[in-house]
Amino acid sequence: MEDYHKPDQQTLQALKDTANRLRIGSIKATTAAGSGHPTSCCSAAEIMSVLFFHTMRYKVQDPRNASNDRFVLSKGHAAPVLYSAWAEAGFLQEAELLNLRKIDSVLEGHPVPRQAFTDVATGSLGQGLGAACGMAYTGKFFDRASYRVYCLLGDGELSEGSVWEAMAFAGFYKLDNLVAIFDVNRLGQSDPAPLQHHVEIYQKRCEAFGWHAIIVDGHSVEELCKAFGQAKHQPTAIIAKTFKGKGISGVEDKESWHGKPLPKNMAEQVIQEIDERIQNKKKLSPALPEEDAPVVNIRNIKMPSPPSYKVGEKWATRKAYGVALAKLGHANDRVIALDGDTKNSTFSELFKKDHPGRYIECYIAEQNMVTGLLSLGFVKCWYYTVSVAVGCATRDRTVAFASTFATFFTRAFDQIRMAAISESNINLCGSHCGVSIGEDGPSQMGLEDLSMFRSIPNATVFYPSDAVATEKAVEIAANTKGICFIRTSRPENPVIYNNNEDFHIGQAKVILKSKDDQVTVIGAGVTLHEALAAAEQLRKEKIFIRVIDPFTIKPLDKKTILENARATKGRIITVEDHYHEGKLSLGGKANRADPKGLVLTASPVSIRSMRPDAAVKTKGRC
């Protein structure tokens, strides 16, 4: 045991009193709301008291100060105890707790970044530790600062595989600035948790993942102070044996109370009982942080030079992505890259070669990758990789890009969805998209990625068609808020744009156009090149088609598409490299613009044989 000084009895009693005030605040808030999880809050009261008023160092009135210690409430349903802690500290007015879950209150049922003291949204269980990993990795290797990261998990969510992906990540990278606290209160939502109070099993599991694991009585402030005071050269797991509903007579350690507020009369009686245990009304103040986090500027990042490609030479957009990312890394030392052991296929290895200290290998754990990325700062990433990415992106500490095969992002959809709720800025690149990867077969084909990312609120979906467009997409994504997805392809295709071509989000390019055009054809990536090949073949038959490259699938340049569709009598063909659902096609929108118009979809294989007169004869969509 190092650097531990036992608190005096007055301090220990003050921490006990604080814990009971946190219980009272949680009960008052949930009873007023008529919903919530007071029993989940009460099991964690002493943990939160010791963390916020003895262990953590932070500025109360500046909760997002770059040098503050970080806290992630992975068991997000216990939000009222977090809000009570910030009221106890003085950041929130205690009366505001009674507005919990009201539509006009910032105190939502689960933590969200609308709250100045919340870095990442939680509530979908099992993701908080991955985000904490991203924060801790950033603090140790990028900021090289003294702030520490604490993550409180419930024992119910320890059945989630993503938790153990994060445990593996932290153990491998020896994140000694990370502390995970397991609130082992025995009871889940509908049944006891699998291990109940067999805390020694949790300890062995943590140790197997390379963590220093300590078992404590989670309701003993003295044991908690001692555990938090142990400095180790590895991540620390504090396994706290607690009781759900601790302090609530008739409810403590009883089943069927999860997610149920106390009735008003019962709440009043319980609050009186708990209040009688409080010996002193004096409030504790947290210690201030050592302000050693560096000042970071990640705004307006520009490529150090324009693209340098020759029109006609062949490049795969996946390789152009790697070239662009490495190039962007020279523009700002806060650009980082993550990958899920596919760097030699996504070409993120080019970034690693140029900037080895800013590359994070997440291995085959995509969910953790995305979540962790969030805390790195103005970031973009994916699962083992998504969680870490989310963590990396918090507090604008980094600009992160995470890459893997497009199809593997599907397993990280929940992490990506939660990243959007977290208002995260994370960049994800999915390579090997669509059927164009060929022989690898359907398990490797990204055929759902467009529909998935189009469904994410405020996401931007790039689908560059050549190397120049890809480099521009990387630069734009680095400076775009929200989740950005860049879809890249394996086949090599000719460069079609000059290096000085200007690109913008939501602005399509009309690549081929004449007054005699009979059909508007829209393609992106490899399908744009198929459309251009089809146009060349049809021109020999005196049939002319208009070809559009959308550049971004979300937002789509509706104005350009509809203008050109009207010029071709409402006839549109979209050339797809994706499943029918959620594809590029505008669906009925063009039809409404012109009732006689028609939207057809075709595969890249069939487009060269499709004649415009066939579209006129066909009723409905292909």
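Reading the values: the criteria
Residues numbered from 1 in each chain as written. Predicted model: local features only at pLDDT ≥ 70, side-chain atom pairs only at ≥ 80, totals over all residues. Heavy atoms only, no water. UniProt positions renumbered as here; feature names shortened; annotations may be inferred. Pairing = 2+ DSSP bridges. Helix = DSSP H or I, 4+ residues; strand = E, 2+ residues; numbered from the N terminus. Axes fitted to C-alpha atoms, helices over the stretch in contact; angles between N-to-C directions. Contact = heavy atoms within 4.5 Å. Buried < 20%, exposed > 50% of the residue type's maximum accessible area, 1.4 Å probe, protein only. Right-handed = clockwise from strand over helix to strand, strands pointing away. Salt bridge = Lys/Arg side-chain N within 4 Å of Asp/Glu carboxyl O. Arc of directions from axis to C-beta. Phe/Tyr/Trp six-rings, centres within 6.5 Å; stacked < 30°, edge-to-face > 60°. Lys NZ or Arg CZ within 6 Å of the ring centre and 35° of its normal.

- Per an unreviewed UniProt entry, the recorded name for the protein is Transketolase, and the organism is Callipepla squamata.
- Turning to the protein, the UniProt record has this under Subunit (unreviewed entry): "Homodimer."
- In its Catalytic activity (unreviewed entry) section, the UniProt entry covering the protein states "D-sedoheptulose 7-phosphate + D-glyceraldehyde 3-phosphate = aldehydo-D-ribose 5-phosphate + D-xylulose 5-phosphate".

### Comments concerning the sheet that holds strand β4 (residues 212-217)
Sheets are built from strands that pair by backbone hydrogen bonding, the pairs being arranged parallel or antiparallel.
So, step 1. Read across the open sheet, the five strands follow the order β1-β2-β3-β5-β4; overall the sheet is parallel. Each of the sheet's edge strands pairs with one partner strand only, and the pair in question is β1 (70-73) and β4. Averaged over all pairs of adjacent strands, the angle between their axes in this sheet comes to 20 degrees, without regard to strand direction.
So, step 2. In the sheet, strand β2 (residues 149-154) pairs with strand β3 (residues 178-184) via six bridges, with the strands oriented parallel. Note on β3: the bridge partner recorded for Tyr-150 is Val-179.
So, step 3. Contacting β1, β2 and β3, helix α5 (residues 128-143) runs over the sheet at an angle of about 170 degrees to β2.

### A word on the pairing of strand β12 (residues 484-487)
So, step 1. Residue alternation in β12 divides its side chains into two sets, Cys-484 and Ile-486 and Phe-485 and Arg-487, and both sets are buried.
So, step 2. Direction of pairing for strand β10 (residues 427-431) relative to β12: parallel, over a ladder of four bridges. Its bridge partner being in β12, Asn-427 is matched across the sheet by Cys-484.
So, step 3. Relative to β12, strand β11 (residues 460-462) runs parallel, the two sharing three bridges. Among the inter-strand pairings, Val-461 is bridged to a residue of β12, identified as Phe-485.
So, step 4. Read from β11 through helix α17 (residues 467-478) to β12, the crossover connection turns out right-handed.

### Structural notes on the pattern of salt bridges
If charged atoms from side chains of opposite charge come close, those side chains can pair.
So, step 1. Evaluation of the coordinates by the stated rule reveals 27 salt bridges.
So, step 2. Among the salt bridges present, the one from Glu-108 reaches Arg-114, with a minimum N-O distance of 2.7 Å.
So, step 3. On the basis of relative accessibility, which here comes to 28%, the residue Glu-108 falls in the partly exposed class.
So, step 4. A relative accessible area of 45% means that Arg-114 is categorised as partly exposed.
So, step 5. Put simply, Arg-397 and Asp-143 hold a salt bridge, and the shortest N to O gap is 3.0 Å.
So, step 6. Residue classification places Asp-143 among the buried positions, given a relative accessible area of 5%.

### Describing the pairing of strand β5 (residues 236-241)
For a regular strand, the rule is simple: side chains alternate between the two faces of the sheet.
So, step 1. Judged by how many residues are buried, β5 sits mostly within the fold: five of six residues are covered.
So, step 2. Bridge analysis of β3 against β5 gives six bridges, and the strand direction is parallel. What sits directly across from Ile-181, in β5, is Ile-238.
So, step 3. Of the pairings in the sheet, the one linking β4 to β5 comprises six bridges and is parallel in character. Bridged to Ala-213 within β5 is Ala-237.

### Examining helix α8 (residues 221-228)
So, step 1. Within α8 the residues assigned to the buried category are Val-221, Leu-224, Cys-225, Ala-227 and Phe-228. Projected down its long axis, α8 carries its buried residues within an arc of 165 degrees, all on one side.
So, step 2. Elements that come into contact with the buried residues of α8 comprise α1 (9-33), α3 (45-55), β2, β3, β4 and β5.

### Let's talk about the packing of aromatic side chains
So, step 1. This structure, assessed with the given rule, holds 26 aromatic pairs.
So, step 2. Arranged with centres 5.8 Å apart and planes meeting at 75 degrees, the rings of Phe-52 and Tyr-58 form a pair that is edge-to-face.
So, step 3. Three or more aromatic residues link up through ring pairs in this structure, and these residues are Phe-52, Tyr-58, Phe-71, Tyr-83, Trp-86, Phe-91 and Phe-117.
So, step 4. The cationic tip of Arg-487 hangs over the ring face of Tyr-463; the distance from NZ or CZ to the ring centre is 4.9 Å.
So, step 5. A cation sits over an aromatic face here: Lys-509 above Phe-503, 4.8 Å from the ring centre.

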